[in-house]
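Below, each chain spelled out in residue letters.
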Amino acid sequence: MTDATASGAAPQKPASGSLLELDARTKRRNAAEARFKFYGMAAVGIGLLFLVLLLVSIVRNGVPAYTQTFISLPVELQAEKLDKNGNRDPEEIKKVSTFGYNPLIDQALFRVLEENGVESPFEKGADLRKMVSASAAAEIRDYVIANPEKIGETVSFRVLASSRVDGYLKGRVTREDLARDKNLDAEHLDIIDQLKEAGAVARTFNWSFILGADASESRPEQAGIGVSMLGSLFMMLVVLLLSLPIGVAASIYLEEFAPKNVWTDLIEVNISNLAAVPSIVFGILGLAVFIQFMHLPQSAPLVGGLVLTLMTLPTIIISTRASLKSVPPSIRDAALGVGASKMQSVFHHVLPLAMPGILTGTIIGLAQALGETAPLLLIGMVGYIASNYPDGVASGFLDPNSAMPAQIYEWAKRADPAYYERAWGGIIILLLFLMTMNIIAVILRRRFERRW
Amino acid sequence: MYDSPSLENEVTDKAIKIAADKVQVFYGDTHAIKDVDVQIQDKTVTAFIGPSGCGKSTFLRCLNRMNDTIDICRVQGQILLDGEDIYDKRVDPVQLRAKVGMVFQKPNPFPKSIYDNIAYGPRIHGLAKSKADLDVIVEKSLRRGAIWDEVKDRLHAPGTGLSGGQQQRLCIARAVATEPEVLLMDEPCSALDPIATGQVEELIDELRDSYSVVIVTHSMQQAARVSQKTAFFHLGNLVEYGETSQIFTNPVDPRTESYITGRIG
Amino acid sequence: MYDSPSLENEVTDKAIKIAADKVQVFYGDTHAIKDVDVQIQDKTVTAFIGPSGCGKSTFLRCLNRMNDTIDICRVQGQILLDGEDIYDKRVDPVQLRAKVGMVFQKPNPFPKSIYDNIAYGPRIHGLAKSKADLDVIVEKSLRRGAIWDEVKDRLHAPGTGLSGGQQQRLCIARAVATEPEVLLMDEPCSALDPIATGQVEELIDELRDSYSVVIVTHSMQQAARVSQKTAFFHLGNLVEYGETSQIFTNPVDPRTESYITGRIG
Amino acid sequence: MPATWIFLIVLALSATGYLLGRRRALVSAGGDSRHLHSLPAYYGSNAALLVSVPALLALVLWLFAQPMVIQNRVEHLVPETSYANEGELSLVMSDVRRIAEGLDLAVEQGAMTEAEATDIRVETTNIRDRLGAVGVALGSDVEAPILVAAKAWREMNATGNMIRTGVVLLIALAGFGLGMVRADKDFRARNSVEKVILALLILAASLAILTTVGIIASLLFNTIEFFKLYPALDFFFGLTWAPSFGGGSELGILPLLWGTLYISVIALAVAVPIGLFAAVYLSEYASSTVRSFAKPMIEVLAGIPTIVYGLFALLTVGPMLFQAFGPDGAGWMGGGRAVMTAGLVMGIMLIPFVSSLSDDIINAVPQAMRDGSLGLGATKSETVKQVVLPAALPGIVGAILLAASRAIGETMIVVLGAGAAARLSMNPFEAMTTVTAKIVSQLTGDADFASPEALVAFALGMTLFVITLCLNVFALWIVRKYREQYE
Amino acid sequence: ARDNLQVAGSSTVLPYASIVAEAFGENFEFPTPVVESGGSSAGLKRFCEGVGENTIDIANASRAIREKEIKACAEAGVTDIIQVRIGYDGIVFASQLDGPAFTAFEPADLYNALAPKVVVDGELVDNPYTMWSEFNAELPEAEILAFIPGTKHGTREVFEEKVLAAGCETTGALEAMIASGMSEDDAEDACIAVRTDGKSVDIDGDYTETLASIDSNPNAIGVFGLAFYENNTDKLKVATMSGVEPETATIASGEYPVSRPLYFYIKKAHIGVIPGLKEFAQFFVADEIAGPDGPLSAYGLVSDPELADTQAMIENEETM
Ligand SMILES: Nc1ncnc2c1ncn2[C@@H]1O[C@H](COP(=O)(O)OP(=O)(O)OP(=O)(O)O)[C@@H](O)[C@H]1O
Ligand SMILES: Nc1ncnc2c1ncn2[C@@H]1O[C@H](COP(=O)(O)OP(=O)(O)OP(=O)(O)O)[C@@H](O)[C@H]1O
Ligand SMILES: [Mg+2]
Ligand SMILES: [Mg+2]
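Residues numbered from 1 in each chain as written. Chains lettered and ligands numbered in written order. Predicted model: local features only at pLDDT ≥ 70, side-chain atom pairs only at ≥ 80, totals over all residues. Heavy atoms only, no water.

- Under an unreviewed UniProt entry, the name given to chain D is Phosphate transport system permease protein, and the source organism is Pseudooceanicola antarcticus.
- What UniProt states about chain D under its Sequence similarities (unreviewed entry) heading is, verbatim, "Belongs to the binding-protein-dependent transport system permease family. CysTW subfamily." (UniProt positions renumbered as here; feature names shortened; annotations may be inferred.)

- As annotated in an unreviewed UniProt entry, chain B is Phosphate ABC transporter ATP-binding protein from Pseudooceanicola antarcticus.

Structural data, given as structure tokens:
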């Protein structure tokens with residue numbers, strides 16, 4: 001029967017063979033198909049491969065930041081040092097600066113060594129104190145000011161070990177490394193080993209890295225990303241609340257309502273041009289407009305959010321427009337045909353159908369905003385901004401704060417290698433932030449996605 | 001051009017719902033509708049017939065300004081609905097379309113559930129006070145669209161998962177759910193089997209009692225069966241317009257005659 | 001279930017092109033096609049008739065595995081094309097579809113020029129050696145689709161800017177351009193005027209000389225006119241299959257009879 | 001009344017307006033929504049908008065205007081001796097404000113009675129201490145005229161606030177009234193609500209213009225300064241970029257533009273094919289589980305801070321390329337930093353820009369298109385290439401444009417991956433740098449800020465802005481032209 | 001109204017400023033000052049934007065403010081500026097710990113290695129050297145590769161003046177240039193040029209970037225700040241310059257030639273208005289902080305021998 005069809009078929013058509021055997025052309029085409037599919041898989045694979053590569057190196061470098069070494073110190077809060085007049089007046093206690101607490105720490109250290117029977121090659125307390133973070137004095141001082149009645153007693157503190165000691169316990173620092181280091185000596189490590197044995201030194205999970213504020217260059221062990229996380233959060237709130245509605249509104253206007261005239265052309269060209277403006281230029285704009293002209297506070301997440309909003313808008317608008325464009329006109333016709341207004345047809349039908357693309361654009365825009373540092377540089381959100389937790393929503397928006405990427409960028413620049421690990425640790429948190437956003441978007445996108 | 005005496009006879013009978021006056025439609029440079037005058041009566045079924053591509057859909061879309069959505073489409077001339085120019089600046093096309101409903105040539109259900117497809121119109125027009133009301137409207141519309149039995153068990157399945165003919169009936173049901181005064185139907189029965197066609201035709205007949213219906217069809221029999229008036233389009237011109245019986249038995253224009261007698265389907 | 005003696009008679013006459021054996025199709029949980037056995041002959045026009053939603057399109061789409069594209073659709077049973085199971089693992093649906101062409105129920109021109117719409121198939125199958133060859137194929141196909149005269153001046157205008165009927169004919173032209181051995185046509189004439197319908201029917205008649213054609217139609221007259229064999233579907237079942245003349249004059253199953261006699265369109 | 005309260009009251013009023021407007025409209029239609037012109041919700045929204053929009057607009061304006069007006073009037077109270085110029089006056093005025101607000105705070109916290117606050121005098125009270133006690137730190141002791149000004153400020157502020165409350169609430173009430181009057185069955189509520197929405201949409205779209213104006217305005221002044229110091233001709237046509245602190249810098253933009261172009265092209269050459277293939281794979285081939293997993297994962301690539309990519313370029317990709325193409329390999333590469341390094345890594349970063357957006361757009365192409373093509377015996381890849389992608393083209397172009405824009409604007413990867421030296425060379429394995437990287441480095445450098453070396457950042461920014469603007473105009477023109485002959 | 005101090009400027013000063021700010025926040029009732037980075041130029045620019053709450057109070061700079069900047073400041077109303085020198089930043093040359101033995105450099109070595117034109121046998125020629133040992137047998141036989149600060153960094157200027165220009169003179173290149181007909185100015189400019197064939201790589205980023213580059217190039221040398229080096233002695237080894245070991249002591253005494261002063265600038269108009277400004281400045285230069293035994297010195301700042309004068313100057317609010 002195949003012959004019969006072949007004879008009847010059009011002359012240019014090759015004699016049709018069995019379905020089970022592929023003819024040469026089909027084989028060729030199938031090979032092309034397989035290649036094409038392979039390219040696609042390879043492309044996805046490449047993307048994922050790099051992601052994994054990056055993630056692995058991020059995690060490997062960053063995980064140590066999540067543990068920290070502490071030293072248990074029984075500190076005698078000597079009255080003669082802390083409250084010379086003995087009247088426990090907080091104002092007077094405050095007069096003793098953190099430097100005044102150092103002798104107490106030295107003493108406590110000697111005592112710990114003695115109690116644990118550790119031989120110390122060091123005579124001077126200052127040398128011994130190199131094992132302890134400089135933050136210890138501040139910690140004890142804060143405690144004393146809050147509890148003046150404890151003066152005279154011996155209180156046990158869990159103070160941070162210095163970054164080199166911490167590095168030693170994490171395997172980052174070896175004795176050889178300390179050969180020419182003036183911050184710590186190999187002998188210190190012997191002491192640490194013994195103290196560790198005795199249980200006075202321990203490495204535990206580092207909540208204060210997740211919750212804390214930035215610290216100065218000399219105390220990486222104290223630095224945390226918590227406050228800048230809030231900074232980022234408030235900033236992203238501003239970005240989300242402004243850029244999504246504004247971006248979608250602008251796209252709807254341009255795609256669905258705008259008459260085709262010079263003005264809309266101008267807007268269109270402008271938007272795609274803004275996408276290509278380097279982010280730091282938005283920083284220049286933010287400094288000029290929001291801080292110098294509108295007198296908004298410096299270093300404030302509100303301003304950061306506004307600047308990032310302007311930066312994200314083009315991304316959202318371009319992707320939203322693209323997805324609005326891809327909704328078939330028959331859907332609009334259908335809605336108009338039953339007497340919906342244009343506005344209704346857009347908001348009831350077109351927009352939901354365009355939602356996956358809008359969400360994608362938003363996610364990419366927000367991801368970009370979440371990781372952006374350059375514009376923040378000019379509005380004062382990069383640097384040392386160790387503010388406290390904001391004490392309210394308004395202060396969250398208006399008080400000086402940094403943002404995660406800025407914090408990470410700063411850390412990555414700092415000299416002490418302990419900051420390097422913190423930078424990567426911060427990136428992990430940033431990525432968790434990002435993935436949370438992505439998951440939300442995925443869930444939303446799933447609800448909207450359909451083919452027709 | 002069309003048979004005016006016959007029209008005169010009718011005018012005494014029924015009010016004129018839509019009056020088109022020298023309507024011209026252009027798609028870019030293509031002149032798709034040329035100088036069409038036509039008066040469509042209330043409570044009447046008017047059939048538009050003519051060869052494919054002659055401009056039936058185009059003209060139909062003019063009647064509720066659906067052409068506004070096609071960028072390159074320009075309309076000239078005047079179309080009066082109840083004596084008011086629908087292309088007047090002050091006219092809100094939305095209100096117009098609520099009055100003049102439409103069933104499109106290609107079925108275009110929303111990618112939503114069957115229920116929502118029907119309920120959408122009533123919802124935006126506030127035709128239902130409660131969920132129960134809406135349920136009633138949906139059921140009634142689906143029944144009128146002759147599709148209730150087939151979908152009553154899967155009202156919440158997507159409308160796009162229906163067969164071609166079911167989609168078409170869904171679209172008909174959707175259009176009648178908003179209770180328009182004029183219903184424009186572009187080949188509503190093209191994908192329907194005879195039984196469903198019969199049901200839709202019954203619906204059209206029923207609608208005629210209160211509304212005006214315009215129907216585009218390629219089936220002469222259907223035109224003859226359901227319509228009182230027939231308009232024959234050819235190459236963008238309205239060649240002849242008159243009583244259906246007269247058009248089919250005694251056409252004035254030779255083109256009409258040749259189209260009708262060359263009939264096959 | 002169907003009239004097997006009549007089939008026997010035919011088998012001696014024409015080879016069997018497609019043989020379906022206990023075909024079941026499910027959309028998710030919906031059982032859309034139930035246990036259908038049918039043998040479609042070569043060089044024959046077979047008509048599928050039946051009420052809307054009975055599964056004609058679904059079954060048609062099984063014959064060239066277009067159902068593969070619907071995620072929730074599952075097919076069971078066996079369909080043999082020239083004795084080979086098309087659902088066999090080794091079968092390449094692409095090659096199958098090149099042999100078994102299809103015209104869909106809703107016209108779906110590509111958003112390309114009319115020319116490219118037609119040229120697409122020949123290009124991917126390498127049917128044209130040169131641009132001139134292609135031009136010839138395009139013209140021939142458009143002529144066979146009975147649309148050449150309407151579009152010859154605007155071959156490079158987009159296919160989506162055509163009227164409904166023109167789009168449908170464009171899709172027919174597109175399908176015949178690849179010279180399939182079997183052509184499946186899902187209501188190819190639903191949006192066509194009688195003259196165009198006539199031309200398409202002529203085309204079908206012409207195709208019958210060399211190929212096998214399956215056509216879904218709601219028009220009994222059309223089925224009677226163009227087909228040699230008719231299959232009547234009802235609620236997913238193949239109720240009756242036999243010679244067209246026999247089905248229309250002397251149906252075996254009461255359901256067939258009631259569907260045919262209740263005919264209106 | 002504090003602004004927040006006014007704001008809340010207006011919101012409450014507008015909510016009431018919504019409910020009442022809705023009700024009234026329904027009542028006017030005899031309880032049957034079918035007799036209404038629009039849905040009842042529109043009448044409600046109309047009333048709500050009438051209440052809130054003008055009132056809140058007035059409130060915002062007032063919030064901006066009142067301090068300015070008061071400042072203007074209080075300024076005269078500050079003796080001219082206590083400031084030398086405008087800047088110091090504004091500083092003094094901020095002190096005045098701080099004191100005024102401090103007094104308010106003190107009264108509010110009960111640390112001071114109202115009478116005390118009004119009668120307070122520098123001679124009798126140490127204001128710095130009193131305010132310090134409520135947490136308002138002052139830089140120095142308060143002088144008498146400053147206190148007088150502060151008190152005047154307080155007073156005016158109090159009256160201003162009172163009037164503000166009155167005016168805003170009146171406007172809100174007027175809006176309320178109008179909303180109620182208009183809640184009538186014949187009123188075209190939907191049209192009027194939609195008009196407001198349309199106005200909002202237009203406003204949103206116009207923000208782009210405002211941003212552009214803002215950018216130009218904030219760059220212009222310094223750009224002009226720059227061109228006063230440095231000949232424009234040398235800037236635009238100079239072939240060397242060699243800034244130096246001592247002066248005598250050569251600041252030709254061409255090597256930077258070349259680097260920008262080169263790196264972006266390489267980045268796009270990586271990102272576009274990979275992104276497109278990934279998009280096609282995800283939307284056409286991948287199962288929905290793979291897709292719902294892989295897509296967000298790839299999107300994460302867009303969110304990894306660029307400093308990570310920079311380090312990746314510097315520490316991993318650069319050395320790797322150096323091995324392959326350095327002296328031990330092909331011999332084309334002088335060091336790990338190269339256009340290629342930065343381009344490759346940037347390309348990776350840009351993958352999701354192309355892939356995710358394109359994926360959504362491709363997914364939105366109706367299935368009927370695919371069916372049409374598959375039904376003709378096309379393979380999936382042919383369908384994709386010849387039917388789906390062309391249909392999705394406008395959106396894909398948008399995605400690529402976005403990626404290109406991002407490539408132009410990227411700094412960190414360039415600095416760490418491509419180096420800092422500007423060079424005009426064809427060799428992609430040489431170090432080069434981009435306009436953006438130099439904008440950042442000159443802006444954050446140590447040069448004299450009034451020198452051309454620092455100001456050039458603004459000129460670079462401006463030039464880049466104008467160039468991309470021209471490119472965009474050109475792109476629009478091309479697209480139009482293409483569209484015209486096609487559609 | 002703003003209640004925190006706002007400091008901006010040089011990223012070289014930032015570490016020190018942050019240490020002070022942290023201690024200031026711990027020991028005073030005032031909130032911890034905000035110290036922004038962004039470069040001396042940007043810091044001074046914002047400093048000179050005017051007087052008022054929305055401008056910064058203190059600018060950090062790794063160089064002295066310039067005449068033109070003072071003028072710009074004055075035009076914007078910033079007339080009274082207090083200049084505070086906090087100490088010195090040593091600039092050192094270091095290489096990989098396990099790399100070739102770069103232990104001692106003379107300016108001449110670096111000039112010979114990095115200049116585009118050098119003197120060979122009394123003649124000025126395009127730099128022919130690819131190995132350090134080619135011009136100084138005591139240096140290791142290693143490929144020349146140096147990571148030097150990019151042109152945005154103030155360190156670059158110091159490097160050019162104190163190393164390249166000095167080397168230019170000692171090798172006789174300057175003379176040769178002038179002899180070849182160059183004007184003195186041109187010759188001096190030519191002296192501080194670096195070769196562009198990839199042996200000398202500009203680093204526009206920070207020292208961490210230089211460190212990373214050294215990490216992946218065993219033969220390279222890099223330019224670092226003293227403090228940075230001291231924090232990374234586990235990876236780097238430093239070279240002497242003209243025989244002098246870079247240490248706080250040798251730098252303070254001026255024996256080690258390559259160093260630069262660090263400053264901050266206070267807007268006098270803000271004193272008394274912005275809470276804590278003067279206290280912060282005083283705290284910064286107090287002996288416990290900036291003195292030789294203070295935390296700044298411990299971190300790597302070369303303490304200023306004239307610290308007492310500075311303290312007095314702040315006390316009296318002496319402007320420039
Ligand atoms: N994609 C789908 N998902 C779910 N159900 C479907 C889908 N397509 C069709 N169906 C259902 O399967 C049944 C058969 O549909 P089919 O399209 O085959 O009907 P048909 O005979 O072609 O009807 P018509 O003449 O109206 O086109 C119908 O009940 C229909 O609702
Ligand atoms: N969007 C469009 N752009 C350009 N030309 C169009 C467009 N729509 C229709 N046309 C052209 O206008 C003419 C009239 O088309 P119309 O759709 O009104 O025909 P019709 O009478 O409805 O035909 P059919 O019975 O085939 O649906 C046709 O030649 C068609 O090609
Ligand atoms: Mg039509
Ligand atoms: Mg069907």
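Okay, back to it.
Some thoughts on the UniProt feature "domain: ABC transmembrane type-1" (unreviewed entry) in chain D
Step number 1: Per the UniProt record, "domain: ABC transmembrane type-1" (unreviewed entry) is found at residues 257-475 of chain D.
Step number 2: Split by type, residues 257-475 of chain D is 77% helix and 0% strand. Its first and last C-alpha atoms lie 19 Å apart. (Helix = DSSP H or I, 4+ residues; strand = E, 2+ residues; numbered from the N terminus.)

Some points on the site of ligand 2
Step number 1: Around ligand 2 there are 20 residues in total, and S52, S57 and T58 of chain B together with R154 and S163 of chain C lie nearest to it.
Step number 2: At ligand 2, the nearby residues belong to more than one chain, namely chains B and C.
Step number 3: In the model, an oxygen atom of ligand 2 is placed 3.3 Å from a nitrogen or oxygen of the C54 of chain B main chain.
Step number 4: In the environment of ligand 2, an oxygen atom lies 2.4 Å from a nitrogen or oxygen atom belonging to the side chain of R154 of chain C.
Step number 5: Protein contacts shield 87% of the accessible area of ligand 2, which totals 630 Å² for the unbound molecule.
Step number 6: Looking at the shell around ligand 2, the elements with two or more residues in it are α2 (56-63) of chain B together with α7 (164-177) of chain C.
Step number 7: Counted by class, the shell around ligand 2 contains 5 nonpolar, 12 polar and 3 charged residues. (Near = heavy atom within 4 Å. Polar contact = N/O pair within 3.5 Å; in protein donor to acceptor, adjacent residues only side chain to side chain. Areas by Shrake-Rupley, 256 points an atom, 1.4 Å probe, with all protein chains shown as cover. Nonpolar A, V, L, I, M, F, W, Y, C, P; charged D, E, K, R; others polar.)

Quick word on the sheet that holds strand β5 (residues 84-85) of chain C
All names here are of chain C.
Step number 1: The strand order β2-β1-β4-β5 describes an open sheet built from 4 strands, whose pairing is antiparallel. With one partner strand each, in any of the chains shown, β2 (30-41) and β5 form the two edges of the open sheet.
Step number 2: Where strand β1 (residues 16-27) meets β2, 8 bridges bridge the pair, whose relative direction is antiparallel. Across the sheet, the residue bridging to F26 is H31, located in β2. (Pairing = 2+ DSSP bridges.)

Notes on the pairing of strand β1 (residues 6-9) of chain E
All names here are of chain E.
Step number 1: Alternating positions in β1 separate into two faces, Q6 and A8 on one and V7 and G9 on the other, with burial throughout.
Step number 2: Examined bridge by bridge, β1 and strand β2 (residues 34-36) share 3 bridges and lie parallel to one another. Each bridged residue has a counterpart across the sheet, and for Q6 the counterpart in β2 is V34.
Step number 3: Following the chain from β1 across helix α1 (residues 14-27) to the adjacent parallel β2, one finds a crossover that is right-handed. (Buried < 20%, exposed > 50% of the residue type's maximum accessible area, 1.4 Å probe, protein only. Right-handed = clockwise from strand over helix to strand, strands pointing away.)

What about the nonpolar core?
Step number 1: Of all hydrophobic cores here, the largest spans 204 residues; its most connected members are F282 of chain A together with I215, I304, Y309, M346, L350 and L460 of chain D.
Step number 2: When residues in this core are grouped by element, the largest group, 16 residues, is from helix α9 (residues 254-285) of chain D.
Step number 3: Setting aside chain neighbours within four positions, we find M346 of chain D in contact with I263, A267, A407, E410, I413 and V414 of chain D.
Step number 4: Ranked by size, the runner-up nonpolar core spans 96 residues in total, among them V84, V119, I289 and Y299 of chain E. (Core = buried A, V, L, I, M, F, W, Y, C linked by side-chain atoms within 4.5 Å. Contact = heavy atoms within 4.5 Å.)

Some thoughts on the interface of chain A and chain C
Step number 1: Contacts between the two partners involve 21 residues from chain A and, on the opposite side, 30 residues from chain C.
Step number 2: Regarding the contact of chain A and chain C, the summed buried area is about 2,100 Å², with carbon and sulfur atoms giving 54% of it.
Step number 3: In this assembly, chain A and chain C are joined by 0 salt bridges.
Step number 4: Summed over the shared surface of chain A and chain C, the number is 5 residue pairs in polar contact (both at pLDDT 80 or more). (Buried area = accessible area lost by both parts, 1.4 Å probe. Salt bridge = Lys/Arg side-chain N within 4 Å of Asp/Glu carboxyl O.)

With respect to unusual backbone geometry
Step number 1: Here H295 of chain A, not a glycine, exhibits a phi torsion of approximately 55 degrees, which is positive.
Step number 2: Inspection of the secondary structure assignment puts H295 of chain A in the loop between α13 (279-293) and α14 (301-325).
Step number 3: Here K43 of chain C, not a glycine, exhibits a phi torsion of approximately 50 degrees, which is positive.
Step number 4: Inspection of the secondary structure puts K43 of chain C in the loop between β2 and β3 (45-49).
Step number 5: On the basis of relative accessibility, which here comes to 23%, the residue K43 of chain C falls in the partly exposed class.

Topic: the coordination of the magnesium ion (ligand 4)
Step number 1: Taken together, S57 of chain C (OG) and Q105 of chain C (OE1) make up the full set of protein donors to the magnesium ion (ligand 4), lying 1.8 to 2.2 Å away. Taken together, the positions of S57 of chain C in helix α2 (residues 56-63) and Q105 of chain C in the loop between β6 (100-103) and α4 (114-125) put the pair 48 residues apart, joining distant regions of the chain. (Donors = N, O, S within 2.8 Å, 3.2 Å for Na, K, Ca; no water.)

Points about the state of the cysteines
All names here are of chain E.
Step number 1: Tallied over the entire structure, the rule returns 2 disulfides over all chains.
Step number 2: Paired through a disulfide, C48 and C73 show a sulfur-sulfur distance of 1.7 Å. Disulfide C48 to C73: torsion about the S-S bond roughly -65 degrees, handedness left-handed. Here C48 is found in the loop between α2 (40-47) and β3 (58-61), whereas its partner C73 is found in helix α3 (residues 67-75), with 25 residues between them in sequence. (Disulfide = S-S within 2.5 Å.)

With respect to helix α2 (residues 40-75) of chain D
Step number 1: Counted at 1.5 Å a residue, the expected span for α2 of chain D with its 36 residues is 52 Å, and the 53 Å between its end C-alpha atoms agrees.
Step number 2: The largest bend along α2 of chain D measures about 25 degrees and falls at A65 of chain D, with the proline P67 of chain D one to four residues further on. (Expected span 1.5 Å × (residues − 1). Bend = angle between axes of the 7 residues up to and from the residue.)

What to know about the coordination of the magnesium ion (ligand 3)
All names here are of chain B.
Step number 1: Within the protein, the atoms that donate to the magnesium ion (ligand 3) are S57 (OG) and Q105 (OE1), at distances of 1.9 to 2.2 Å.
Step number 2: Here S57 falls in the buried class, since its relative accessible area comes to 19%.
Step number 3: Its relative accessible area of 16% is what places Q105 among the buried residues.

Details of the UniProt feature "domain: ABC transporter" (unreviewed entry) in chain B
Step number 1: Sequence positions flagged by UniProt for "domain: ABC transporter" (unreviewed entry) are, in local numbering, residues 18-260 of chain B.
Step number 2: Structurally, residues 18-260 of chain B is divided into 39% helix and 27% strand, and its ends, taken at the C-alpha atoms, are 26 Å apart.

A closer look at the packing of aromatic side chains
Residue and element names in this part refer to chain E.
Step number 1: Here the structure, examined in full by the defined rule, presents 54 aromatic pairs over all chains.
Step number 2: Residues F28 and F283 carry aromatic rings whose centres are separated by 5.4 Å and whose planes lie at 75 degrees to one another, so their mutual orientation is edge-to-face. With a gap of 255 residues between them, F28 in the loop between α1 and β2 and F283 in helix α11 (residues 277-285) connect regions that are remote in the sequence.
Step number 3: A relative accessible area of 7% places F283 in the buried class.
Step number 4: Summarising the aromatic geometry, the rings of F264 and F284 are spaced 4.7 Å apart at their centres and angled 35 degrees between planes, so their arrangement reads as tilted. In this pair, F264 is assigned in strand β12 (residues 259-267) and F284 in helix α11, connecting sequence segments 20 residues apart. Across this residue pair, the class does not change: F264 and F284 are buried.
Step number 5: In textbook terms, an aromatic cluster arises when at least three aromatic residues are bridged by ring pairs, as seen for F24, F28, F30, F264, F280, F283 and F284. (Phe/Tyr/Trp six-rings, centres within 6.5 Å; stacked < 30°, edge-to-face > 60°.)

Details of the pattern of salt bridges
All names here are of chain E.
Step number 1: Under the definition given, this model contains 83 salt bridges over all chains.
Step number 2: Across the salt bridge formed by E69 and R63, the nearest N and O atoms sit 2.9 Å from each other.
Step number 3: Taking the relative accessible area as the measure of exposure, E69 reaches 0% and is therefore buried.
Step number 4: Owing to a relative accessible area of 7%, R63 belongs among the buried residues under this scheme.
Step number 5: Ionic pairing is found between E157 and R66, a salt bridge with its closest N-O pair at 3.4 Å. One end of the pair, E157, is in helix α5 (residues 154-170); the other, R66, is in the loop between β3 and α3, and 91 residues separate them in sequence.
Step number 6: Given a relative accessible area of 22%, R66 falls into the partly exposed group.

Side note on the interface of chain A and chain D
Step number 1: Every contact between the two is made by 91 residues of chain A and, on the other side, 97 residues of chain D.
Step number 2: With both chains or domains summed, chain A and chain D bury close to 8,100 Å², and 75% of this area falls on carbon and sulfur atoms.
Step number 3: Between E382 of chain D and R29 of chain A there is a salt bridge, and its shortest N-O distance comes to 2.8 Å.
Step number 4: If you tally residues by element for the side of chain A that touches chain D, the top one is helix α2 (residues 24-62) of chain A, at 18 residues.
Step number 5: Taken together, the residues that form the side of chain A that touches chain D break down as 62 nonpolar, 18 polar and 11 charged.

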